[in-house]
Amino acid sequence: MENAKSFESVGRGNVLVIGNSGVGKSTLINAVLGEDVAVTGWGTSGTTDKLDIYESESIPFRIIDSVGFEPSFVKERKAINAVKKWSRNSAKEGCEDNKINVIWFCVEGTTSKLFPKAIKDLSRATAMWESIPVIVVITKSYSAPERSRNIEMVNNAFANQKRYAKNLRKVIPVVAATYRLNDTAFAAPEGITELIDATNEVMPEGLKAGEKDLFAFKLKRKRALAQSIVGASTTAAVAVGAAPIPFADAAILAPIEILEINSLAQLYGIKKDEDSKRFLSSIVEVGTASIAAKTAISALKAIPGINIAASVLNAVIAGSIVAAIGEGSIYAFEKVYTGEKSIADIDWLKNVIESSLSSQFVDKVAQVVKEVSENGVAKDTSKLIADLLAAAFGASGKSGAANQ
Ligand SMILES: Nc1nc2c(ncn2[C@@H]2O[C@H](COP(=O)(O)OP(=O)(O)OP(=O)(O)O)[C@@H](O)[C@H]2O)c(=O)[nH]1
Ligand SMILES: [Mg+2]
């Protein structure tokens, strides 16, 4: 057998995730592994002894979610004992690879005052794993300006943990799922692939995933997170489009487009320099939608039997433009991330974005308009529109640009 599913053949390391109930452990694990990963409950469900074990052949490590962890001496003991029991039991069943190799301490970024106590509790609970590397994950790090201060606070709190302090390897602020701040603004996913890299780095030799496999895994995760950014941006555009502002002023979409493109660029590690500035602004330039929108509107007028309110039509068109730009950007950023294209190649980029806004674009918009008008005006028209757009652009948007 030549190197088949490599994460399997080299054996996988184990990551234990601890943190108080509600800090976002499960959300984090989903962001790191994807929704389609298998979960096995271990222990008695509904008790503090329960663990959720996440694993699959295509992921670089196994993750153990300590479901009932709470900062009480008795309860945290139980949770940790469950982990020990799991290790021992699996060793009996012939799997020798069930030691804990890395611990993720989760603390909640929105409650930084509680860091010292949370870290003290978590250190106490895991003190018997004296030399296991710890990565602190600051979950729900929605506020970008607070991130560096939070990192510092975690470092300080750790410095007080005597012998345990040496286990700390890294502190990573994370947004695991797109967080809506209001109708038109959101905090995009952040820190997920950094966490994957840091975890692999501190794994013992022999359990580290190969570079190529890890890259492929991260690319898949980035794509999923990127789709969620485009989804949130599209929803925001639908809200703006539905507002009674004359849509001819397509510039009203620019802030959402910029947030969308910057969030995607950050996700794909596009550096912030002059070249990337030109790269990103040329997307907005192409997207500053008036031409695409006008084409779409006049094309739609020609379709017989379309009878929807102007505000709904505007919402669909606004959402479509932002969805199309997002899908085009994902395609382009992936090419840059994989090294196939350079961000100096502005002409190529303009081409990609233009083609995501060309004839197929009008077809997709027309399709969504039809579906909306058939559905009648539902209670939550905006949500319906956003869902239809995600289906129309998400699935096939890339193939439209893929011929470049
Ligand atoms: N938008 C957003 N919501 C989050 C994020 N992290 C956590 N949440 C929300 O916070 C709540 C708690 O998150 P969970 O992942 O269930 O927390 P947990 O640590 O697994 O909680 P227990 O299983 O009870 O121990 C859920 O409503 C999540 O949707 C995030 O990064 N973004
Ligand atoms: Mg959970």
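Residues numbered from 1 in each chain as written. Chains lettered and ligands numbered in written order. Predicted model: local features only at pLDDT ≥ 70, side-chain atom pairs only at ≥ 80, totals over all residues. Heavy atoms only, no water.

### A word on the site of ligand 1
What counts here: One heavy atom suffices: a residue is near a molecule or strand as soon as one of its heavy atoms comes within 4 Å of it. Here a polar contact means two N or O atoms within 3.5 Å. Within protein one must be a hydrogen donor candidate and the other an acceptor candidate, and residues neighboring in sequence count only if both atoms are side-chain atoms. A run of H or I in DSSP counts as a helix once it spans at least four residues, and a run of E counts as a strand once it spans at least two, with each numbered from the N terminus.
Ser21, Lys25, Ser26, Thr27 and Ala176 are the nearest of the 16 residues found near ligand 1. A distance of 2.7 Å separates an oxygen atom of ligand 1 from a polar side-chain atom of Ser21. Ala177 is positioned with one of its backbone polar atoms (N or O) 2.8 Å from a nitrogen atom of ligand 1. The dominant element in the shell around ligand 1, judged by the number of residues it contributes, is helix 2 (residues 25-33), at 3 residues.

### A few points about the side chain of Ser66
Applicable threshold: Three labels apply to residues, based on accessible area from a 1.4 Å probe with only protein chains included: buried if under 20% of the type maximum, exposed if over 50%, partly exposed otherwise in between. Whether two residues are in contact is decided by their heavy atoms, any of which lying within 4.5 Å being enough.
Mapped onto the fold, Ser66 is located in strand 4 (residues 61-66). Under the relative-accessibility criterion, Ser66 is labelled buried at 2%. Among the polar contacts made by the side chain of Ser66, one reaches the main-chain carbonyl oxygen of Val17 at a distance of 2.8 Å. Setting aside residues no more than four positions away along its own chain, Ser66 makes contact with Val17, Ile18, Lys25, Lys50 and Leu51.

### As for the side chain of Glu108
Mapping Glu108 onto the fold places it in strand 5 (residues 102-108). Since its relative accessible area comes to 19%, Glu108 is described here as buried. Polar contacts involving the side chain of Glu108 include one to the side chain of Thr110, which spans 3.0 Å. In this structure, Glu108 is in contact with Gly22, Val23, Phe115, Ile138, Thr139 and Lys140, ignoring residues within four places of it in sequence.

### Quick look at the environment of Phe393
Here Phe393 lies in helix 14 (residues 381-401). On the accessibility criterion, Phe393 (3% relative accessible area) is buried. The residues contacting Phe393, other than those within four sequence positions of it, are Ser320, Ala323, Ala324, Glu327, Phe361, Lys364 and Val365.

### Digging into the environment of Ala232
On the secondary structure map, Ala232 appears in helix 7 (residues 211-242). The spatial distance from the C-alpha of Ala232 to the C-alpha of Tyr179 is 8.7 Å, given a sequence separation of 53 residues.

### Remarks on the confidence of the model for the chain
Any residue range with low pLDDT should be treated as having predicted coordinates unsuitable for detailed reading. The cut-off we apply is this: Confidence per residue, as judged by the predictor, is encoded in pLDDT with a range of 0 to 100.
Averaged over every residue, the pLDDT of the chain is 83; residues scoring 70 or more account for 87%. Low confidence marks residues 1-6, where pLDDT is under 50. Its contacts with residues over four positions away, or in another chain, come to 3 contacts. Counting interchain partners and residues more than four positions distant, the pLDDT-below-50 stretch residues 396-404 has 18 contacts.

### Some words on the nonpolar core
Cut-off, in case you're wondering: Side-chain atoms within 4.5 Å are what join buried Ala, Val, Leu, Ile, Met, Phe, Trp, Tyr and Cys residues into a set we call a nonpolar core.
Core analysis: the biggest nonpolar cluster contains 95 residues, and Val32, Ile63, Trp104, Phe279 and Phe333 have the highest contact counts within it. For Ile63, the residues in contact, after removing those within four places along its chain, are Val15, Val17, Ile29, Val32, Leu33, Asp52, Ile53, Tyr54 and Trp104. Counting residues in each nonpolar core, the second largest holds 31 residues, with Leu16, Val107, Leu168 and Val171 among its members.

### Things to note about the pairing of strand 6 (residues 134-139)
Filter applied, for reference: Strand pairing is defined by DSSP finding a minimum of two bridges between the two strands.
The element strand 6 is extensively covered by neighbouring structure, given that 6 of its 6 residues are classed as buried. Side-chain alternation along strand 6 places Val134, Val136 and Ile138 on one buried face and Ile135, Val137 and Thr139 on a second face that is also buried. Bridging between strand 5 and strand 6 involves 6 bridges; their strand directions are parallel. The partner of Phe105 across the bridge, within strand 6, is Val136. Two elements, strand 6 and strand 7 (residues 168-173), share 5 bridges in a ladder whose sense is parallel. Across the sheet, residue Val134 finds its bridge partner in strand 7, namely Leu168.

### Section: the packing of helix 11 (residues 310-337) against helix 13 (residues 359-375)
Going by this rule: Note on definitions: angles span 0 to 180 degrees between N-to-C directions of axes, and those axes are lines fitted to C-alpha atoms, for helices only across the stretch in contact. The cut-offs work like this: below 35 degrees is roughly parallel, past 145 is roughly antiparallel, 65 to 115 is roughly perpendicular, and the gaps in between are oblique. The sense of a crossing depends on the near helix, which, turned anticlockwise from the far helix by less than a right angle, makes the crossing left-handed and, turned clockwise, makes it right-handed.
Helix 13 packs onto helix 11 with a crossing angle of 140 degrees between their chain directions and a minimal axis gap of 10 Å. Our classification of the angle between helix 11 and helix 13 gives oblique. In this structure, helix 11 meets helix 13 at a crossing whose hand is right-handed. Residue-level contacts link Val312, Leu313, Val316, Ile317, Ser320, Ile321 and Ala324 of helix 11 to Phe361, Val365, Val368, Val369 and Val372 of helix 13.

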